[in-house]
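Spelled out from the first residue to the last, the chains are:
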Amino acid sequence: MKKKLVMIGNGMAGVRTIEELLKLQPDGYDITIFGNEPHPNYNRIMLSTVLQGDKSIEDIIMNDWDWYKGNSIQLYTGEAVVGIDKQKKQVISDQGRLLDYDELIIATGSSSFILPVPGSDKKGVVGFRDIHDCEMMIKDSKKYKKAAVIGGGLLGLEAARGLLNLGMEVDVVHLMPHLMERQLDETASGMLRKELENQGMNFLLEKQTAEILGEERVTGLRFSDGSEIQADLIVMAVGIRPNVQLAKDNGIYVNRGVVVNDYMETDVPNIYAVGECAEHREIVYGLVAPLYEQGKVLAANLAGIPTNPYEGTICGTQLKVSGCDLFSAGEIGDDEGTKSIKVHNEFDGIYKKIVIRDNMIAGIVLYGDTKDSNRLFRMLTKREDISGMTSVSILEASGCCGGGGEAGDVKAMADDELVCGCNGVTKGTIVEAIRTNELTTVDEVGGCTNAGRSCGRCKSLISDILAFTLGDQYDTSAKKAGICGCTTLSKDEVVAEIRAKGLTNVREVMNVLGWSQEEGCSKCRPAINYYLGMVHYDGYKDERDSRLVNEKMHANIQKDGTYSVVPRMYGGVTTAADLKKIAEVAEKYNVPLVKLTGGQRIGLFGVNKDDLPAMWEDLGMPSGYAYGKTLRTVKTCVGEKFCRFGTQDSMGLGIQLEKKFERLDTPHKVKMGVSACPRNCAESGIKDIGFVGVDGGWEIYIGGNGGTDLRAADLLDTVKTKEEALEITGAYLQYYRETAAYLERTAPWSERMGLEHVKEVLADENMRKQLNERLDKTLERYNEPWQEAIQDNGIKEKYYQIRSVTVE
Amino acid sequence: MQMTKVRINVADYHSLPVGTGQAVTVNGENIVLFKITNGDVKAVENRSPHRKGGTLADALVSGNFIYCPVYDLKISLDDGKVQAPDTGEVKTYHVEVIENEVYITI
Ligand SMILES: Cc1cc2nc3c(=O)[nH]c(=O)nc-3n(C[C@H](O)[C@H](O)[C@H](O)COP(=O)(O)OP(=O)(O)OC[C@H]3O[C@@H](n4cnc5c(N)ncnc54)[C@H](O)[C@@H]3O)c2cc1C
Ligand code: SF4
Ligand code: FES
């Protein structure tokens, strides 16, 4: 019979230990894990990026439910262990579950330390520790404006950056005169402060919080000097407290953490501790690198494989805030026994300090340029003797002028040099994994070696190592991130195969190209459908069931399951008769919300699915495609007809453009704007393609975006007539359709292609002509989808009907 | 309130489309039927297991899986469990096809 292994805590250190154990001994134990959070294992480090808006919570799950299932691990989430019976070797959970164990791992991590000041229990005070905290901050940021972060350390600053991104005003309150005083010296700390102030943070240094103000919810802070500030949200980031209560209450020896020896054993037989809850040689660690080392030792111990003892770790620290490149490790202060090398280039904002003790590097502070951090950190941890080196060679190993390209840097790296600090993976290990397993992507390297799977800082270096190891092969495979999990083929490869093998439908593509999930997923199916339509422009039959909901239904789904109806309104121009019709339909179907959209149209929101076809019929207007990866709207100003500044017919051009290109499938949505003079009332400078009337012609702008990633458009060309404008637009759209990846908008696309390149292509008359020919053929293919639904009972029944069965 | 389980005829097998869900309300319960590529019919509660809810009827269907139309959760039609990227579960119903008629037990 297998032995029973129970683990309390489903966090980063614990689960890593299990991963290591499974590698050493896949069938050694029946494993059960309790986690009191409702999620499977996720990357806690990445919460900062979630708060900063770069990742979603879904993105940071590291081991999903399938992983637990696949490894036959019983996982109880949302369930805490509340008791341990050492004699009977049992644990009991808060849901009354009683479980025997042969071996027990305590991996309960830690919690945010909440300052015990009056008012700290009020609504609006949060820590920064888990998904729940993160969600709360995101929610509050929608309602409130002012946030205060208490704590100017790593966590506090990352939280503050996130809150700024969420649109809040942020005060950072810190007890000490310097930020991150444990990691940075005064100079580096001052540089960091300046950068963060430029980014919009406000600092209140040397302030001790005395009280949190407010009734039920916080309204502000009072400091010990009597001063006060306003705040509707308070994030406590003053430190963490190991979760040791459970161990303590059940007679396991606890100091600051659960005390363990070099093999992660507590003072009770068969009970181990690992991670932030453990105290090893009087140190409790708060970063993953040492915890993962602990996990490795514990896994070997559990598998009964001889292992080196865990002897402690020196940690390096980085801050995950863009614009602040910093690295720190070891001793940062000076004393009698130390000498330090300092470089301070104020002009470029670079500062480096290397603290040297007994001819060895004892501490590192780098600000503004951290590319030497790995090398220096390795010299520090390996206690390399540097007596033979000059200060210049210590700081600038890569070449005399700090030069040496990326690949050169990789070449100069020793095999045992650390690449991923979090996971302790060296260059040699990565190179070997690439060679033996024929890896081609950063994610694959992570899958084999764990490198890059924690804070993610080292990913660019991993990518350089891939490039260096694979040489020419990499260039093609670098862009190779498969289009989804069902295949390893890239977009370019899929399109090339469609052309080469003459594949004509979605099923066939997946079949012939060996998709792992037979019928594909929600990522690849819409993409393949698009590529097929692009390649076979001459009469491809669109596959409606491979489209995502909005395009499948030809209406936008809202969060309550209702849909919206937005009729076309060419160039934002309408008539009294149409307005009446829209009003009548809104009344007849009890439409709960009538709203003018951002694209100059009228939207009817909150429509039941089974009312859609009848409403479309009553309206008798074409679909506005407010839901599609296609031409959405052409916004126009009133122009020469009414405006005293206008020199051109902006409405006329807008309507012509919209009529010509409506319904065209594009890799992502496309918006246009036409203004009749440089005052630009139609905001043509932030559209995928925009036109600005000037004396005697039109300026054409491309690649703008007014959405999440704001981007001003670039001037492409100036033309004299509307016809020329239409011709360039056609060629531009078709070139984008043929070269962009599905879901790539024109802004990143034109950055990737380069403005000069796009200009060159579109300047070529022959090219323009061919592109337009293919586009015109494509345009012939489309039908008005609302009309189609009205006329075709099959469509009505398949997509819009809701049955109701009553049985008494 | 129904105490014992009953078998109810909810649709004609041939009229059920492949590739998209069909919503039915049965005595006020919202259910959605999926006829998948191999011809089997599956029935689940018509409510996304995402905490914000939402319909499942217009989901993208891939073999035994559907992708929730509002939040893109991948859900197994066999046991109603969410595979990725979150957790959760949707209620499933027992389906039988007898002589061209689709019955579910509720
Ligand atoms: C916002 C943020 C940013 C960070 N950035 C970095 C970084 O850049 N670099 C770095 O190295 N580290 C970083 N860290 C620290 C890193 O996340 C932790 O060191 C690591 O997660 C600790 O792992 P652990 O397994 O010990 O604890 P955790 O990951 O906290 O897991 C412990 C789990 O056990 C659960 N638990 C506790 N008690 C019980 C019980 N009785 N029953 C059941 N379950 C229980 C907890 O709820 C928790 O889910 C960051 C942390 C945060 C919060
Ligand atoms: S862009 Fe110029 S022409 Fe058009 S409305 Fe504004 S000011 Fe008038
Ligand atoms: S250094 Fe953090 S993941 Fe590699």
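See the structure above.
Now for a description of the structure that goes with this document. (Residues numbered from 1 in each chain as written. Chains lettered and ligands numbered in written order. Predicted model: local features only at pLDDT ≥ 70, side-chain atom pairs only at ≥ 80, totals over all residues. Heavy atoms only, no water.)

## Comments concerning the environment of L593(A)
For the record, the criterion: Helix and strand assignments come from DSSP, with helices taken as H or I runs of at least 4 residues and strands as E runs of at least 2, each series counted from the N terminus.
Within the secondary structure layout, L593(A) lies in strand 30 (residues 593-596). Linking L593(A) and V607(A), residues 14 residues apart in sequence, is a C-alpha distance of 9.1 Å.

## Comments concerning the site of ligand 2
What counts, and what does not: Any residue with a heavy atom lying within 4 Å of a molecule or strand is counted as near it. Classification used: nonpolar for Ala, Val, Leu, Ile, Met, Phe, Trp, Tyr, Cys and Pro, charged for Asp, Glu, Lys and Arg, polar for all others including Gly.
Lining the immediate surroundings of ligand 2 are C637(A), G639(A), C643(A), F645(A), G646(A), S675(A), A676(A), C677(A), R679(A), N680(A) and C681(A). Classifying every residue of the shell around ligand 2 by side-chain character gives 6 nonpolar, 4 polar and 1 charged.

## Concerning the site of ligand 1
Residue and element names in this part refer to chain A. To keep it simple, the criterion reads: Nitrogen and oxygen atoms within 3.5 Å of one another constitute a polar contact, given that in protein one can donate a hydrogen and the other can accept it, and given that sequence-neighbouring residues count only through two side-chain atoms.
Taken together, 32 residues lie near ligand 1, and N36, E37, R129, E276 and K320 sit nearest. E37 places a polar side-chain atom, nitrogen or oxygen, 2.6 Å from an oxygen atom of ligand 1. Measuring from a nitrogen atom of ligand 1, one finds a backbone N or O atom of V81 at 3.0 Å. Breaking the shell around ligand 1 down by element, the ones donating at least two residues are helix 1 (12-24), strand 2 (29-35), helix 5 (154-165) and helix 8 (288-303). Here the element with the most residues in the shell around ligand 1 is helix 1; it accounts for 3 residues.

## Section: the interface of chain B and chain A
How large an interface is tends to be reported as the accessible area lost when its parts come together. As a reminder, the rule being used: The contact rule is simple, with two residues in contact once any of their heavy atoms fall within 4.5 Å. In this description, buried area is defined as the sum, over both parts, of the accessible area (probe of 1.4 Å) that is lost when the two are combined. A carboxyl oxygen of Asp or Glu within 4 Å of a side-chain nitrogen of Lys or Arg is what we treat as a salt bridge.
The partner chain A presents 38 residues to the 39 residues of chain B that form the contact. Taking both sides of the interface into account, the surface hidden between chain B and chain A amounts to around 3,000 Å²; carbon and sulfur atoms contribute 45%. The tally of links from chain B across to chain A stands at 1 salt bridge. Notably, a salt bridge pairs D58(B) with K609(A), separated by 2.8 Å at the nearest N-O pair. For the side of chain B that touches chain A, the secondary-structure elements that each account for two or more residues are strand 1 (7-12), strand 2 (22-26), strand 5 (60-62) and strand 6 (65-67) of chain B. By residue class, the composition of the side of chain B that touches chain A is 19 nonpolar, 15 polar and 5 charged.

## Description of the sheet that holds strand 8 (residues 82-84) of chain B
Residues and elements named next belong to chain B. This is how it is decided: When DSSP finds two or more bridges between two strands, those strands count as paired. Lines fitted to C-alpha atoms define the axes, with helix axes restricted to the stretch in contact, and inter-axis angles between N-to-C directions lie between 0 and 180 degrees.
Spatially, 5-6-7-8 is the arrangement adopted by the 4 strands of the open sheet, whose pairing is antiparallel. Strands at the two margins of the open sheet, each flanked by one partner only, are strand 5 and strand 8. For this sheet, the mean angle separating the axes of adjacent strands, direction not counted, is 30 degrees. The sheet contact formed by strand 5 and strand 6 spans 3 bridges and is antiparallel. In the strand pairing of strand 6, V61 is matched with I66.

## Examining the packing of aromatic side chains
Residue and element names in this part refer to chain A. Inclusion rule: Centre distance within 6.5 Å is the pairing criterion for rings of Phe, Tyr and Trp, where only the six-membered ring of Trp is used; planes under 30 degrees apart are then read as stacked, over 60 as edge-to-face, and the remainder as tilted. Note on exposure labels: buried denotes an accessible area under 20% of the residue type's maximum, exposed denotes more than 50%, and partly exposed covers the range between, all computed with a 1.4 Å probe on protein chains only.
Considering all chains together, one arrives at 13 aromatic pairs over all chains under this definition. Seen from their ring centres, F327 and F377 are 5.8 Å apart, and the 75 degrees between their planes marks the pair as edge-to-face. Of the two residues, F327 sits in strand 22 (residues 326-330) while F377 sits in helix 9 (residues 373-381), which places them 50 residues apart along the sequence. Like F377, F327 is buried. Taken together, the ring pairs in this structure connect W616, W786, Y799 and Y800 into an aromatic cluster.

## Quick notes on the pattern of salt bridges
Residues and elements named next belong to chain A. Evaluated as defined, the whole model comprises 56 salt bridges over all chains. Where D649 meets K722, a salt bridge forms, and the shortest distance between an N and an O atom there is 2.9 Å. Of the two residues, D649 is situated in the loop between strand 32 (631-636) and helix 22 (650-661) and K722 in helix 23 (residues 722-739); the sequence distance between them amounts to 73 residues. For D649, a relative accessible area of 17% translates into the label buried. Residues participating in the shared-partner salt-bridge network are R378, K382, E384, D416 and E417.

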